[in-house]
Amino acid sequence: TELPLWRPNKGRVIATFEDNSAAIVVNRFAKGIVVSFFTDAETAARQFPQLVRDVIDFASSAAGASSPVDIVGANENLDVAVANTADGFSVAIVNYSPRDADVMVRPSKAEEAAVGVWFDLVREQRIDTFASDRSAKITIQGNRFRALEFRRGSPE
């Protein structure tokens, strides 16, 4: 499908296609921002998922709603919910696919990653991390879910 070249008059192009046409544009309006993807959401998520995550993080951060956790490896078959807790934050990931899904979870703020531990809330056990950023690789079985919590403070 050929699309006419769209050149924004206002706003900032933050990503381009191979032909240098705008792929993602950011426009500021009053106190907010609008981020426009010039592909459909499914294509964007499949073709450049890391860029989509970065743009969502940027927009959330600009709105003052940054996530306390980075989730790498999520796709259209997963739903994710995040909530702050008194001692950290919790994450629920639902896998709607019959296939297992591997994701990496890590605190998004370095100061939180300095001291803290992951717990599996269903199994009631600690999840080992081997990286200094407290990232944990987890598998969500097909048609199942995982509920995790990151607790700040010294490991118990």
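Definitions and cut-offs
- Residues numbered from 1 in each chain as written.
- Predicted model: local features only at pLDDT ≥ 70, side-chain atom pairs only at ≥ 80, totals over all residues.
- Heavy atoms only, no water.
- Phe/Tyr/Trp six-rings, centres within 6.5 Å; stacked < 30°, edge-to-face > 60°.
- Helix = DSSP H or I, 4+ residues; strand = E, 2+ residues; numbered from the N terminus.
- Buried < 20%, exposed > 50% of the residue type's maximum accessible area, 1.4 Å probe, protein only.

Q: Tell me what's going on with the packing of aromatic side chains, and back it up with residues and numbers.
A: Considering all chains together, one arrives at three aromatic pairs under this definition. Ring plane angle 20° and centroid distance 5.4 Å describe the contact between F89 and F150, whose orientation is recorded as stacked. Separated by 61 residues along the polypeptide, F89 in strand β6 (residues 88-95) and F150 in strand β11 (residues 145-152) bring together distant segments of the chain. Considered together, F89 and F150 belong to a single accessibility category, that of buried residues. Note on W118 and F150: the rings are 5.1 Å apart at their centroids and 65° apart in plane angle, and the pair reads as edge-to-face. With W118 in strand β8 (residues 116-120) and F150 in strand β11, this residue pair connects regions lying 32 residues apart in the sequence. Owing to a relative accessible area of 0%, W118 belongs among the buried residues under this scheme. By relative accessible area, which is 0% here, F150 ends up buried. Every member of this aromatic cluster is reached through a ring pair, and the members are F89, W118 and F150.

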